[in-house]
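Structural features, examined
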Amino acid sequence: MTENDVTRAVIVTGGGTGIGRATARAFAARGDGVLVVGRTESTLVETAKDHDTIRVLAADITDPAVPEHVVRTAIREFGRVDVLVNNAAALGYRPLADLDRGTADRQLGTNLVAPVFLTQSALGALEESRGTVVNISSAGALGLRTWPNNSLYGAAKAALDFLTRTWAVELAPRGIRVVGLAPGVVDTRSGPRMGLTDEQYEGFLAQISEQAPAGRVGTPEEIAWWVTQLVSPEARYVTGAVLPVDGGLSLT
Ligand SMILES: NC(=O)c1ccc[n+]([C@@H]2O[C@H](COP(=O)([O-])OP(=O)(O)OC[C@H]3O[C@@H](n4cnc5c(N)ncnc54)[C@H](OP(=O)(O)O)[C@@H]3O)[C@@H](O)[C@H]2O)c1
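The notes below deal with the structure included here. (Residues numbered from 1 in each chain as written. Predicted model: local features only at pLDDT ≥ 70, side-chain atom pairs only at ≥ 80, totals over all residues. Heavy atoms only, no water.)

Side note on the overall build of the chain
Put simply, the rule reads: Only DSSP runs of H or I with at least four residues qualify as helices, and only runs of E with at least two residues qualify as strands; both kinds are numbered from the N terminus onward. Restricting the calculation to C-alpha atoms gives the radius of gyration, and the globule rule supplies 2.2 Å times the number of residues raised to the power 0.38. Burial classes follow relative accessibility: with a 1.4 Å probe on protein chains only, a residue under 20% of its type's maximum area counts as buried, one over 50% as exposed, and anything between as partly exposed. In what follows, residue pairs with any heavy atoms lying within 4.5 Å of each other are defined as contacts. Residue exposure ignores everything except the shown protein chains as possible cover, and the areas themselves are Shrake-Rupley values with a 1.4 Å probe. Counted as positive: Lys and Arg. Counted as negative: Asp and Glu. His and the chain ends are not counted at all. Think of each charge as sitting on NZ of Lys, CZ of Arg, CG of Asp or CD of Glu.
Scanning the chain for helices and strands turns up seven helices and seven strands. N-terminal to C-terminal, the α/β element order of the chain is β-α-β-α-β-α-β-α-β-α-β-α-α-β. For a compact globule of 252 residues, the expected C-alpha radius of gyration is about 18 Å, and the chain comes in at 17 Å, within 12% of that figure. Overall, the chain is about 50 × 40 × 40 Å in size when its C-alpha atoms are taken along their principal axes. Looking at the chain as a whole, 52% of its 252 residues are labelled buried. Here the contacts in the chain between residues at least 6 apart in sequence split such that 69% fall between residues at least 24 apart. Of the roughly 11900 Å² of accessible surface on the chain, a fraction of 54% belongs to carbon and sulfur atoms. Looking at the chain, you have 23 positive and 28 negative side-chain charges, and the mean spots of the two groups are 3 Å apart.

Structure representation (structure tokens):
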């Protein structure tokens, strides 16, 4: 495939499941080339099924060699990079009293350090395309909110928002926009990855549906649509903003 065959070239980390899968497919439906990255090849292949502009790369983004490899692969496949979606994350509730080094390294490595070096590796290509970085944050970490028993995850997302604002200023002279998107609770069947049983996860979704002004949790497709909007040419006056897409949850 060459750059002439696709409208734009998009990298989506964590593209094998949930919001990342929906985002990859939303871009593909618009004729964009998409490189989905994650550790599990089978879920990436499932994302790409029936979408001929989606390519897969099984890789761990916390491996220091991987960011360069991801960008090189996208350029080999599509000849360019227009959009980097830093979506992959390590979930997992853990009270401070139970935090261990391994969990801390994994959460910060995946949710904060990897986006830093992926974005750094993509700078040259994004400058050439006057491209956009989208950092997937969380409405739970917006403003002065707190997140008992999930402090490290929330801290990584709050730090990611700081990177979004700061990079928007730092990279504007290079023609690169940086935006954030903060989903509320989205049903991605992620209960087990958060350390919850199926029953606890259903209870959590029901409780959020009560609390959110929208009266329900979100769908991955509702998040994906906003990612595609934020990188559209019509959105070019937006940079450094973190958009809550949360059914009003963060206002409660
Ligand atoms: N779902 C929600 O309610 C919600 C709410 C707010 C924010 N968010 C954010 O939205 C994003 C997507 O969430 P989701 O619910 O779709 O979660 P998810 O289904 O658990 O997706 C996370 C993805 O990241 C990948 N990943 C994790 N560690 C990785 C690593 N080291 N290297 C490469 N890929 C890795 C996983 O694939 P592998 O395991 O195969 O590597 C998985 O596909 C995350 O940033 C999350 O924090 C979600």
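Quick word on the pairing of strand 5 (residues 132-136)
Applied cut-off: Strand pairing is defined by DSSP finding a minimum of two bridges between the two strands. The path from the first strand over the helix to the second decides the hand: if it runs clockwise while the strands point away from the viewer, the crossover is right-handed.
Counting buried residues along strand 5, five of its five residues qualify, which places the element largely inside the surrounding structure. Side chains of strand 5 alternate between two faces, with Thr132, Val134 and Ile136 and Val133 and Asn135 buried alike. For strand 4 (residues 83-86) and strand 5, the ladder comprises four bridges, and the chain directions are parallel. Residue pairing across strands places Leu84 opposite Val133, the latter belonging to strand 5. Taking the sense of rotation as the criterion, the β-α-β connection linking strand 5, helix 5 (residues 151-171) and strand 6 (residues 177-183) turns out right-handed.

Details of the packing of aromatic side chains
Under the convention used in this document: Pairing of aromatic rings covers Phe, Tyr and Trp, the last counted by its six-membered ring, and requires centre-to-centre distances within 6.5 Å; plane angles under 30 degrees mean stacked, over 60 mean edge-to-face, and any other angle means tilted.
A complete count under the given rule lists two aromatic pairs for this structure. A centroid spacing of 5.4 Å and a plane angle of 85° characterise the contact between Trp147 and Tyr153, whose relative ring orientation is edge-to-face. Trp147 sits in the partly exposed class, given a relative accessible area of 22%. On the basis of relative accessible area, Tyr153 is assigned to the buried category, the value being 11%. Taking the centre distance of 5.0 Å and the plane angle of 85° together, the rings of Trp225 and Trp226 count as edge-to-face.

Some thoughts on the site of the ligand
Just so we agree on the cut-off: Residues are counted as near a molecule or strand when any one of their heavy atoms sits within 4 Å of it. Whenever two N or O atoms come within 3.5 Å, that pair is a polar contact, provided that in protein one can donate a hydrogen and the other can accept it, and provided that, for residues adjacent in sequence, both atoms are side-chain atoms. Residue polarity follows a fixed list, in which Ala, Val, Leu, Ile, Met, Phe, Trp, Tyr, Cys and Pro are nonpolar, Asp, Glu, Lys and Arg are charged, and the others, Gly among them, are polar.
Within the structure, the ligand sits among 27 residues, and Thr17, Thr40, Asn87, Tyr153 and Arg193 are positioned closest to it. Between the ligand and the protein, one listed contact pairs an oxygen atom with a side-chain N or O atom of Thr40 at 2.5 Å. With the chains in place, 92% of the 880 Å² that the ligand exposes on its own is no longer accessible. Sorting the residues of the shell around the ligand by element identifies helix 1 (18-29) and helix 5 as the ones contributing at least two each. For the shell around the ligand, a count of residues per class yields 11 nonpolar, 12 polar and four charged.

A short note on empty space enclosed by the protein
The criterion, for reference: Method remark: on a 1 Å grid restricted to protein atoms, a set of points is classed as a cavity if a 1.4 Å probe fits but cannot get out and as a pocket if it is open with protein on both sides within 12 Å along at least five of seven lines; lining residues have an atom within 4 Å of a point. Grid points are joined across faces, edges and corners, and a volume is the space filled by probe spheres set on the points.
All told, the structure shown has one cavity of 30 Å³ or more when counted by the stated rule. Volume-wise, the largest cavity comes out at about 30 Å³. Lining of the largest cavity is provided by Gly92, Arg94, Leu99, Gln107, Asn150, Ser151, Leu152 and Tyr153. Among the elements that take part in the lining of the largest cavity, helix 5 stands out by supplying three residues, more than any other. Across the lining of the largest cavity, the residue classes tally to three nonpolar, four polar and one charged.

A look at helix 7 (residues 220-230)
Using the following cut-off: By construction, the arc corresponds to the directions joining the helix axis to the C-beta atoms.
When we look at burial in helix 7, the residues that qualify are Pro220, Ile223, Ala224, Val227, Thr228 and Leu230. Buried residues in helix 7, looked at end-on, bunch into an arc of 165°, giving them a common side. Considering only its buried residues, helix 7 is in contact with helix 1, strand 4, strand 5, strand 6 and strand 7 (242-245).

A few points about the sheet that holds strand 4
For clarity, the cut-off: Comment: axis = line fitted to C-alpha atoms, over the contacting stretch for helices; angle = value between 0 and 180 degrees taken between N-to-C directions.
Strand order across the open sheet formed by seven strands is 3-2-1-4-5-6-7, with parallel pairing between neighbours. Since the sheet does not close on itself, it has two edges, and those belong to strand 3 (54-58) and strand 7, each with one partner. Ignoring which end each strand starts from, the neighbouring axes of this sheet average 20° apart. In the packing of helix 3 (residues 66-78) onto the sheet, contacts are made with strand 1 (9-13), strand 2 (33-38) and strand 3, and the angle to strand 2 comes to roughly 150°.

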